[in-house]
Amino acid sequence: MQQKRMSIFVRRCLIFSALFTPFAYILAQVVALQMGDYEILGPEPGKAIVWFTGEWAFNTLLLTLAVSPARQWLGWKWPLAHRRMLGLFVMFYATLHLLSYMAFLLAWQWQDIGSELVERPYLTLGFLAWVLLIPLSITSTKGWQRRLKRKWKSLHKVIYLIALLCAIHYLLQIRSNWFDPSLYAFITLILLGQRLSLARIKGFFVRSV
Amino acid sequence: MLIKPAVDIPSSEITSHSAYLNRRKFMQQGGAAIAAMGLASSVGALETHDSTPLKFGPEWLKAQVSGASDTGFGKEEKLTPYRDVTSYNNFYEFGTGKDDPARNAGALVTDPWSITIEGECERQGTFNLEDILKSMPLEERIYRLRCVEAWSMVIPWIGFPLAELIKRFKPLSTAKYVEFTTLEAPKQMIGQRSRFSTIDWPYIEALRIDEAMNPLTLMAVGLYGEILPKQNGAPIRLVVPWKYGFKSIKSIVKIRFTEKPPINTWQAIAPSEYGFYANVNPDVSHPRWSQAKERRLPSGLFNVNRIPTQMFNGYGEQVAHLYKGMDLRKSF
């Protein structure tokens, strides 16, 4: 027992470090840039950071969604214990993504931020995805889990919607190269598809009858 | 043809190229001094390109490029540094990342180079670039370049007015448009080998003949006193400063005079997003983003250089008359 608890702790540290590394990396780049290493992120460093944080928000989101398929397809039970942390990393990178967009690309020009979020569908969807992450992050604690009881599970299914919003957010930005956005959309659909397996659909109808 | 005053200055006022080099040297030293004080990042657009001029490119072009006359056009603008102009490029033939062209364009063979002239003109045929340039006086002009992606640069081009070239081929009265084609050579251009691109190669761009004949429209063979680097569209490219950057087609191998409007590459991919004209216009948004403002590069993180975009990129005085009576919301 002692052995097992220890290994969860070690795993938690390892996963935390792994997912924190992209942030540490980009932070180091920003520090180097501000210290005068001008070439490090190119002439448009803001855009580079917005893309980087967006990619990692999506990467962590896909990892979060991969926890149940990993159990079903690979028989891995251990990731379940770390799903909360994975989810909070999604919020962490998504928030950095949104903040860096507003700060580095729109220079906090609120009027522009407002009109862009309303007028550009891909930004509206991206922003909506971030807003939907807020209640999930707040209710991610054990206390909220207890308080909400069975509703907690339904509430956290919103992550499926968030994933779809993110995939569309990325697909809507295709200009010439469609590979990366399509790959992300494809993986999203595969991971969501696992939830739609025949047995589950049957189970859903049986329960609702 | 009305020539704008800034270009039409008396020869006595034209700075020689050596004066330009001196100016560059002065700026380099200034740049070095400021960099030494550790302020380089906040200064941004200082000229710090410190290579000996003309260290690359075909020998036959070197003397001509270094002998380019300084028109003084655009001198009041703060230049975007050489390293940014040559490392942050959209040239999808070499990949869709901004740094892909600088990394991949080395494979492009730019010498010898020939251009095929076709269509509604008296003199057709394939001409060697060396022969085309032989008797063409080169000049330097500093232009703003506004990308459709809402960023912009200021670049000192070396080239000649496209009108000078067009006149030689004697377009017929039926020549209403001029179509340009970029090289298609998948062996040299890695982006053309990609199966994940929406672009139907080769890249095509076109102008109305009066746009092409406008004195602002430049054919560039150099920048910053150097021969044009490959990632910037060597050996010869178009520069149309009042239009979004994608109109300024690179590495041109064919010029065709047509009676009917050609379909441009981006226009074919997304007609609702890219029209034939693609004039810089802050009032007409790209469907996916606003064109009202632009980030003038280099742009820092906490000192974002976000400035209002000007109608016709600020060249309205020279080109607005071309579009008199047109609804620029429809003809975007």
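Procedures and definitions
Residues numbered from 1 in each chain as written. Chains lettered and ligands numbered in written order. Predicted model: local features only at pLDDT ≥ 70, side-chain atom pairs only at ≥ 80, totals over all residues. Helix = DSSP H or I, 4+ residues; strand = E, 2+ residues; numbered from the N terminus. Buried ≥ 20, exposed ≤ 12 C-beta atoms within 10 Å, placed from the backbone. Contact = placed C-beta atoms within 7 Å. Axes fitted to C-alpha atoms, helices over the stretch in contact; angles between N-to-C directions. Parallel < 35°, antiparallel > 145°, perpendicular 65-115°, else oblique. Left-handed = near helix turned anticlockwise from the far one by under 90°. Nonpolar A, V, L, I, M, F, W, Y, C, P; charged D, E, K, R; others polar. Pairing = 2+ DSSP bridges. Core = buried A, V, L, I, M, F, W, Y, C linked by C-beta atoms within 7 Å.

Participant: What should I look at first to understand the overall build of chain A in this one?
Facilitator: Along its length, chain A carries 11 helices and zero strands. Secondary structure elements of chain A occur, N-terminal to C-terminal, as α-α-α-α-α-α-α-α-α-α-α. Considering only C-alpha atoms, chain A reaches an extent of 60 × 45 × 35 Å along its principal axes. Scored against the burial criterion, the 209 residues of chain A give a buried share of 26%. Excluding contacts between residues fewer than 6 apart, the proportion of contacts in chain A whose partners are at least 24 apart in sequence is 64%.

Participant: Explain the overall build of chain B here, please?
Facilitator: Across its full length, chain B carries 10 helices and 13 strands. Among the 332 residues that make up chain B, the fraction classed as buried is 43%. Residue pairs at least 24 apart in sequence account for 71% of intrachain contacts in chain B once pairs closer than 6 positions are excluded.

Participant: What is the right way to read the environment of A:Gln109 from this model?
Facilitator: All names here are of chain A. Position of Gln-109 relative to the elements: it lies in the loop between helix 4 (83-105) and helix 5 (110-119). For Gln-109, a count of 15 C-beta atoms within 10 Å translates into the label partly exposed. For the pair Gln-109 and Leu-171, spaced 62 residues apart in sequence, the C-alpha to C-alpha distance is 26 Å.

Participant: Looking at this model, I keep getting lost on the interface of chain B and chain A. Mind explaining?
Facilitator: The accessible area lost on association of the parts is a frequent measure of interface size. At the interface, 26 residues of chain B touch 20 residues of chain A. Those elements giving two or more residues to the side of chain B that touches chain A turn out to be helix 2 (40-43) and helix 4 (82-85) of chain B.

Participant: What exactly am I supposed to notice about the packing of helix 2 (residues 45-65) of chain A against helix 4 of chain A here?
Facilitator: Think of two packed helices as two axes; the pair is described by the angle between the axes and how far apart they sit. Residue and element names in this part refer to chain A. Direction vectors running N to C along helix 2 and helix 4 enclose 160 degrees, while the axes themselves pass 8 Å from each other. By the angle between their directions, the pair helix 2 and helix 4 is classed as roughly antiparallel. Two packed elements cross with a definite hand, and for helix 2 against helix 4 that hand is left-handed. Among the residues making up the contact of helix 2 with helix 4, the classes are represented as 15 nonpolar, eight polar and two charged.

Participant: How should the sheet that holds strand 2 (residues 114-119) of chain B be read in this particular structure?
Facilitator: Residue and element names in this part refer to chain B. Reading across the sheet, the five strands line up as 3-2-11-6-7 and stay open at both edges, with mixed pairing between neighbours. One side of each edge strand has no neighbouring strand; the edge strands of this open sheet are strand 3 (125-128) and strand 7 (204-208). Each adjacent strand pair in this sheet contributes to an overall mean axis angle of 20 degrees, direction not counted. Relative to strand 11 (residues 252-258), strand 2 runs parallel, the two sharing four bridges. Paired with Gly-119 across the two strands is Phe-257, which belongs to strand 11.

Participant: Just checking my understanding: could you explain the pairing of strand 5 (residues 151-161) of chain B for this structure?
Facilitator: Within a regular strand, side chains alternate between the sheet's two faces. All names here are of chain B. With 10 of its 11 residues buried, strand 5 lies for the most part within the structure. Between strand 4 (residues 139-146) and strand 5, which pair antiparallel one after the other, the connecting turn spans four residues, and Ala-150 there sits at a positive phi close to 75 degrees. Across two bridges, strand 5 lies against strand 12 (residues 293-296) in parallel orientation. Among the inter-strand pairings, Trp-151 is bridged to a residue of strand 12, identified as Arg-295. Taken together, the five bridges between strand 5 and strand 8 (residues 218-223) define a ladder with antiparallel strand orientation. Of the residues in strand 8, the one forming a bridge with Pro-161 is Leu-218.

Participant: Just checking my understanding: could you explain the nonpolar core for this structure?
Facilitator: Within soluble globular proteins, side chains that are nonpolar generally end up buried alongside one another. The biggest cluster of nonpolar side chains holds 70 residues, and the ones touching the most others in it are B:Val178, B:Ala220 and B:Val221. With six residues, the top contributor of residues to this core is strand 5 of chain B. The residues contacting B:Val178, other than those within four sequence positions of it, are B:Ile166, B:Ala206, B:Leu207, B:Ile209, B:Ala212, B:Ile255 and B:Phe257. Listed in part, the 34 residues of the second largest apolar core include A:Ala48, A:Trp56, A:Leu61 and A:Tyr170.

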